[in-house]
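Secondary and tertiary structure notes
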Amino acid sequence: MQRRQAEATVLSKRKVAAETQVASGMHYVDPATGAVIPPIQPSTTFARDADYALINPAHSYSRDENPSFATAEAMLCEMEGAEQALLFSSGMAAAMAVVQALGPGDHIVAPKVMYWGLRGWLQEFCSNWGLGLTLYDATDPEALDAAIRKGETKLVWIETPCNPTWDIIDIAASARAAQAAGAKLVVDSTAATPVLTRPLEHGADIVMHSATKYLNGHGDVMAGALAVASADDFWARIHSVRAYGGAIPGSFEAWLLQRGMRTVYLRVRQASASALAIARHFDGHPALEAVRYPGLESHPGHDVAARQMDGGFGGMLSFRVRGGAEAALKVVSRCEVLIPATSLGGVESLIEHRFSIEGPSSPIPEDLLRLSIGIEAQDDLIGDLEQALQAAV
Ligand SMILES: Cc1ncc(COP(=O)(O)O)c(C=O)c1O
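Predicted, not measured: the structure shown is a model, and the values here were computed from it.

Section: the packing of aromatic side chains
- Overall, the coordinates contain four aromatic pairs when judged by the stated rule.
- Here Trp-121 and Phe-125 contribute two aromatic rings whose centre-to-centre distance is 4.6 Å and whose plane-to-plane angle is 20°, an arrangement assigned as stacked. Here the residue Trp-121 and the residue Phe-125 both occupy positions in helix H4 (residues 116-129), the gap between them amounting to four residues, near one helical turn.
- Judged by its relative accessible area of 15%, Trp-121 falls in the buried class.
- The exposure class assigned to Phe-125 is buried, which follows from its relative accessible area of 17%.
- The interplanar angle of 25° and the centroid separation of 6.0 Å between the aromatic rings of Phe-125 and Trp-129 together place this pair among those described as stacked.

Concerning the packing of helix H2 (residues 70-80) against helix H9 (residues 251-261)
- The geometry of H2 relative to H9 is characterised by a closest axis approach of 8 Å and an angle of 35° between their N-to-C directions. Residue-level contacts link Thr-71, Ala-72, Met-75, Leu-76 and Met-79 of H2 to Ala-254, Leu-257, Gln-258 and Met-261 of H9.
- Classifying every residue of the contact of H2 with H9 by side-chain character gives seven nonpolar, two polar and no charged.

Examining unusual backbone geometry
- A cis amide bond, omega -10°, links Thr-160 with the succeeding residue Pro-161.
- Looking at where Pro-161 falls in the secondary structure, it is placed in the loop between strand E4 (153-159) and helix H6 (171-180).
- The peptide bond linking Asn-163 to Pro-164 adopts the cis configuration, its omega dihedral lying at 5°.
- Along the chain, Pro-164 turns up in the loop between E4 and H6.
- Positive phi is not limited to glycine here, since His-27 has a value of about 55°.
- In this fold, His-27 is placed in the loop between helix H1 (18-23) and H2.

Points about the site of the ligand
- Close to the ligand lie 15 residues, the nearest being Met-92, Asp-188, Ser-210, Thr-212 and Lys-213.
- Contacts to the ligand include Met-92, whose backbone N or O atom sits 2.8 Å from an oxygen atom.
- Take Ser-210: an N or O atom from its side chain is 2.8 Å from an oxygen atom of the ligand.
- Relative to its unbound accessible area of 380 Å², the ligand is 91% covered by the protein chains.
- Elements with a minimum of two residues in the shell around the ligand: helix H3 (91-100) and strand E6 (206-210).
- Considering only residue class, the shell around the ligand consists of six nonpolar, six polar and three charged.

Section: the sheet that holds strand E7 (residues 224-228)
- As summarised here, the arrangement of the seven strands in space is E1-E7-E6-E5-E4-E2-E3, forming an open sheet in which the pairing is mixed. The outermost strands of the open sheet, each flanked by one partner alone, are strand E1 (84-88) and strand E3 (132-136). Averaged over all neighbouring strand pairs, the angle between strand axes comes to 20°, with direction disregarded.
- Two elements, strand E2 (residues 107-111) and E3, share five bridges in a ladder whose sense is parallel. Looking at the pairing, His-107 lines up with Gly-132 of E3.
- Along the sheet face, H2 touches E1, E6 and E7 and points at about 130° away from the line of E1.

Rules of the game
- Residues numbered from 1 in each chain as written.
- Predicted model: local features only at pLDDT ≥ 70, side-chain atom pairs only at ≥ 80, totals over all residues.
- Heavy atoms only, no water.
- Phe/Tyr/Trp six-rings, centres within 6.5 Å; stacked < 30°, edge-to-face > 60°.
- Helix = DSSP H or I, 4+ residues; strand = E, 2+ residues; numbered from the N terminus.
- Buried < 20%, exposed > 50% of the residue type's maximum accessible area, 1.4 Å probe, protein only.
- Axes fitted to C-alpha atoms, helices over the stretch in contact; angles between N-to-C directions.
- Contact = heavy atoms within 4.5 Å.
- Nonpolar A, V, L, I, M, F, W, Y, C, P; charged D, E, K, R; others polar.
- Near = heavy atom within 4 Å.
- Polar contact = N/O pair within 3.5 Å; in protein donor to acceptor, adjacent residues only side chain to side chain.
- Areas by Shrake-Rupley, 256 points an atom, 1.4 Å probe, with all protein chains shown as cover.
- Pairing = 2+ DSSP bridges.

Here it is, written out as structure tokens:
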């Protein structure tokens, strides 16, 4: 199951920035037609020649590989500085493939605060299938070393910034701790995006994205992605999990994804600039207990964030509203520009009460509102939040 990357793309010969490559879909020019936009290939199967050899050895059956994945996978490699990348049908499917590539009895370490859906699945899957799982407090600098079991821990999973408190985890320090124990470090970099953080450059082995979020950016594709520093045996097992299970996006979704990815640098920079302006504007607001945003100098993870994030601190922030859950829900209901909905990373701004989504077992404070800042006019977002917060003062 060898990967062959983007064979239909024509790469610019001059070394150019990743954002230049990504804007042009890896300088795509169709060798047959001259088209500058890649085609969608809906075929599930691929023909053989008179000698029964595959006409294109990279393509036999679409559960394994489809040519429509090539452009988005090559773009992600370019952005992350990765050797190879794989698209999946969702971010969860990408994460699950990593865990399913482990062996019986292997031990996983992951933070207590992380994407709740993945934490929930990890707890369930590890207990059903005999894998060890230790959830550690990522705000305690000693906790990761204490959680890792030398020789037993095979996977250290981190997410930074951590959803939805936006705590920051030091990628380089986590990589050192994982590698000293012979474990792989995988970073869920969905919120940071490759525009702001390239985890492989900080020592991570694999980067994971819910491509549903910023990579696509338009709220109309479910997809996930993994990108690897070095395509080793573990990566081959991950690829085999994808190929056997078929957790792949449809051709049209993969095509939409490459289209969305072309503007990711512009979108993420705009969202980050607006999120910072909003965080600064509302920091100290009488209706709020706290504003959680790693771009604020008062944020406990600011220095590490400044080291590993380049060009902004992301479009995600949270408010802790004075008056608890009731006041927080009132604020959401009064928003007229921000839309009350789950998810993140789109061009439209969303606001949500995480505790209502996650339920009573959630470690997330009941007064927390999560904001995903889009690309609307900054003044409209600030004005909307100002009038909505009047409900809580
Ligand atoms: C940080 C993070 N990781 C992973 C996921 C899962 O991605 P998907 O919904 O594409 O399966 C999400 C979804 O919200 C997320 O926010």
